[in-house]
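# Report on the structure
Each chain, letter by letter, is given below.
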Amino acid sequence: MKTMNCSICPRKCNIDRSTKFGACGLDDGCYVARASLHMWEEPPISGTKGSGAIFFSNCNLRCTFCQNSGISRSIVGKRLDENQLASEMLRLMEAGAHNINFVSPTPHVKTIIKAIKLAKKNGFTIPIVYNTNGYETIKTLTALNGLIDIYLPDLKYVSPELSRRFSGAWDYFEYASKAVLEMWRQVGTLSLDNSGIAKRGLIIRHLLLPNCVDEARRVLDFISNELPKDTFISLMSQYVPMAEAASVPPLNRRITKREYERAVGYALNIGFRNIFIQRFSSQTLEYTPDFSVYSD
Ligand code: SF4
C-alpha cells in the first residue's frame, strides 16, 4: 500500500504524501507521540499490567470534540520507520504489555503493516489491537486481515448531519458501518483468556455526547440488527469539552448522569449482554494521557 495518491482512508485525498500534506495533516512519515503502558482502556485490554499503547500523531477524522487534540491536529512526536516501530512493539512487550494497542493508526497503516511483520520475525507474540475512529475503507481493512487480533473501533454516529457538523464527514456512517462488519468478519466476537485478558475479537466503542442519547440509540440499533447480541460494546461516559468543542453547544458541557443511564438502559433493553460501562465520575482528564512524555 503506497502513499502515492493516498486513499488509505475515506477522505481519498489522492495526493502524493511525500510532496503534500493530506487532510490528516500528514506527510509520508509515521509519527508516534507516545508509546507507553496504558491502564485506561477496557479491562480486557488494559488488564493488570497495561496495554502497550502506541499513540500516533494526527488523525483522519479530526472531530470538533477530539479528546486527544494535543496530538491529533499537527505533527507531534518521533518520526519512526518500520524497524523503529517494530522495536517499540518489542520494547513494550518486554515491559509486560498484554497487547500492542495502535491508537489512531489509520494514516500510518503502511508502516504499521511492515512493522508487525518485522516484529513477528523477531519474537513478537502478544495480540495486536487496532484502535480506530471507525472511518476506514474496506481496502485498508483487507490489507490488515490476519495481522490484527483485536479491533477496537468507535462507532460515533449514524446521522450524516451530526457527522458532518462534528467531524466534517457526512459519509462517516456509510464507511464506519461497513468497517465494523468487516472487522467482525475478520475476528468475530471477543474471546478472553483464563485471566480475562482479550485474545481476539471486536469491541465497539461509543462515546456518548451531550444531547445525543437518540444518536446513541441509533448506533446501538445498528449493532443490534447487524451483529450478534453477545457483541462487546463499550459505552463511554468520559466526554470532556475540549478543543473547539468548549465553545460549541451542545458540546460545551459534560453529559449528565441521566443521559448516560438512558443510553446504558437502552443497550440493556435491546438485549446486549456484554457492555463495558464507565464510572460516571470518569469525566475527568485522568483518561487523557500526558502527551508531553513519550514513555513512562
Ligand atoms: S490517510 Fe490522510 S492523506 Fe490519506 S486519504 Fe486519509 S486523510 Fe487523505
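Above this text is the structure in question.
A quick note: this is a predicted structure, and the numbers were derived from the prediction, not measured.

Rules of the game
- Residues numbered from 1 in each chain as written.
- Predicted model: local features only at pLDDT ≥ 70, side-chain atom pairs only at ≥ 80, totals over all residues.
- Heavy atoms only, no water.
- Salt bridge = Lys/Arg side-chain N within 4 Å of Asp/Glu carboxyl O.
- Buried < 20%, exposed > 50% of the residue type's maximum accessible area, 1.4 Å probe, protein only.
- 1 Å grid on protein atoms, 1.4 Å probe; cavity = no way out; pocket = protein on both sides within 12 Å on 5 of 7 lines; lining within 4 Å.
- Points joined across faces, edges and corners; volume = space filled by probe spheres on them.
- Helix = DSSP H or I, 4+ residues; strand = E, 2+ residues; numbered from the N terminus.
- Phe/Tyr/Trp six-rings, centres within 6.5 Å; stacked < 30°, edge-to-face > 60°.
- Pairing = 2+ DSSP bridges.
- Core = buried A, V, L, I, M, F, W, Y, C linked by side-chain atoms within 4.5 Å.
- Contact = heavy atoms within 4.5 Å.

## A look at the pattern of salt bridges
Side chains that differ in sign of charge can pair as their charged atoms come close. Scanning all chains against the criterion turns up 12 salt bridges. Here K156 and D154 are joined by a salt bridge, their closest N and O atoms 3.0 Å apart. Each member of the pair, K156 as well as D154, carries the same accessibility label: buried. Residues participating in the shared-partner salt-bridge network are D27, D28 and R79.

## Section: the layout of surface pockets
Here the largest pocket is characterised by a volume of approximately 880 Å³. Lining the largest pocket are 41 residues, with E41, N68, R205, M236 and Q238 sitting closest to its centre. Secondary-structure elements contributing two or more residues to the lining of the largest pocket are α1 (43-46), β2 (51-56), α2 (69-72), β5 (128-132), β8 (198-207), β9 (232-236) and β10 (275-277). Among the elements that make up the lining of the largest pocket, the one with the highest residue count is β9 (3 residues).

## Comments concerning the packing of aromatic side chains
All chains considered together, the criterion is met by 9 aromatic pairs. Geometrically, the ring pair formed by Y130 and Y151 is edge-to-face, given 5.8 Å between the ring centres and 75° between the ring planes. Within this pair, whereas Y130 is found in strand β5, its partner Y151 is found in strand β6 (residues 150-153), the two being separated by 21 residues in sequence. The class of Y130 is buried, set by a relative accessible area of 0%. Judged by relative accessible area, Y151 falls into the buried class, the value being 0%. Here the aromatic rings of F173 and F222 are separated by 5.1 Å at their centres, their planes lie at 85°, and the arrangement is edge-to-face. One end of the pair, F173, is in helix α7 (residues 172-187); the other, F222, is in helix α8 (residues 213-226), with 49 residues separating them in the sequence. Overall, the relative accessible area of 13% leaves F222 in the buried class. Pairwise contacts between aromatic rings join Y135, Y157, Y172 and Y175 into one cluster.

## Regarding the pairing of β2
Counting buried positions along β2 gives 6 out of 6 residues, so the element sits mostly inside the fold. Burial of β2 is two-sided: the residues S51, A53 and F55 facing one way and the residues G52, I54 and F56 facing the other way are all buried. With 4 bridges connecting them, β2 and strand β4 (residues 100-103) associate as parallel partners. Bridge pairing in β4 places A53 opposite N101.

## Structural notes on unusual backbone geometry
Cis geometry marks the peptide bond from P249 to P250; its omega dihedral reads 0°. Residue placement: P250 occurs in the loop between β9 and α9 (257-269). Its identity as a non-glycine residue notwithstanding, N14 has a phi of 55°, on the positive side. By the element assignment, N14 lies in the segment before β1 (31-38). With a relative accessible area of 48%, N14 lands in the partly exposed category. Even without being glycine, S104 reaches a positive phi, approximately 55°. Tracing the backbone through its elements, the reader meets S104 in the loop between β4 and α4 (109-121). On the accessibility criterion, S104 (24% relative accessible area) is partly exposed.

## Side note on the nonpolar core
Formed by 76 residues in total, the largest nonpolar core has its most connected members in I54, F65 and M89. At 7 residues, α7 tops the list of elements feeding residues into this core. Every residue in contact with F65, bar those within four places of it in the chain, is listed here: K156, Y157, F166, L207, L209, Y239, M242, A245 and L251. Core analysis: the next-biggest nonpolar cluster, separate from the first, contains 9 residues, A198, I203, F232 and F276 among them.

Nothing here speaks to function; it is all geometry.
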